Amino acid sequence: MEHFLTQFADAINLPDRALQPRDELRDLPNWDSLAILMTISMMDIEYGKTVSGTDLQACATVDDVYRLTQENPPEAE
């Protein structure tokens, strides 16, 4: 989790802020459409996860975003 928190803070341009899992995304000063795009990119590069803006908009906390890194991708049919 600590590694994710550091990566996430860097992705949304808050490298000097200590994020906590329960932090509300809406309360983060840089949580905007650019931060969502940067998070999508970070998730793909660092975790091999494909998430959408809709996935991230459904997240309320930093922990919700972290949980997306832990989910298994849907199986191909």
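Cut-offs and rules
Residues numbered from 1 in each chain as written. Predicted model: local features only at pLDDT ≥ 70, side-chain atom pairs only at ≥ 80, totals over all residues. Heavy atoms only, no water. Patch = residues over 30% accessible without salt bridge, like charges linked within 9 Å, V, L, I, M, F, W, Y side chains within 5 Å. Areas by Shrake-Rupley, 256 points an atom, 1.4 Å probe, with all protein chains shown as cover. Salt bridge = Lys/Arg side-chain N within 4 Å of Asp/Glu carboxyl O. Helix = DSSP H or I, 4+ residues; strand = E, 2+ residues; numbered from the N terminus. Buried < 20%, exposed > 50% of the residue type's maximum accessible area, 1.4 Å probe, protein only. Contact = heavy atoms within 4.5 Å. Axes fitted to C-alpha atoms, helices over the stretch in contact; angles between N-to-C directions. Parallel < 35°, antiparallel > 145°, perpendicular 65-115°, else oblique. Nonpolar A, V, L, I, M, F, W, Y, C, P; charged D, E, K, R; others polar.

S.K.: Whenever I open this one, a nonpolar patch on the surface confuses me. Can you help?
M.R.: Residues L34, L37 and M38 make up a contiguous nonpolar surface patch of roughly 300 Å² in combined accessible area. Tracing the chain through its elements places M38 in helix α2 (residues 33–47). The partly exposed category is assigned to M38, whose relative accessible area is 39%.

S.K.: When you look at helix α1 (residues 2–11) in this model, what are you seeing that I'm missing?
M.R.: Every α-helix winds through 3.6 residues per turn, so residues three or four apart in the chain are directed the same way. Among the residues of α1, those classed as buried are F4, L5, Q7, F8, A9 and A11. Structurally, α1 contributes buried residues whose contacts are with α2 and α4 (62–70). Once α1 ends, the next one or two residues include N13, with phi positive near 60 degrees.

S.K.: What is the right way to read the packing of α1 against α4 from this model?
M.R.: What describes two packed helices is the angle between their axes and the distance between those same axes. Look at α1 against α4: their axes get within 11 Å of each other, and the N-to-C directions meet at 110 degrees. In terms of their interaxial angle, α1 and α4 are classed as roughly perpendicular. Along its contact with α1, which presents F4, L5 and F8, the element α4 presents V62, V65, Y66 and T69. Of the residues assigned to the contact of α1 with α4, the class counts are 6 nonpolar, 1 polar and no charged.

S.K.: Honestly, the side chain of T61 in this entry has me stumped. Any pointers?
M.R.: Inspection of the secondary structure assignment puts T61 in the loop between α3 (53–57) and α4. Among all residues touching T61, those that are not within four sequence positions of it are P21, R22, D23, E24 and L25.

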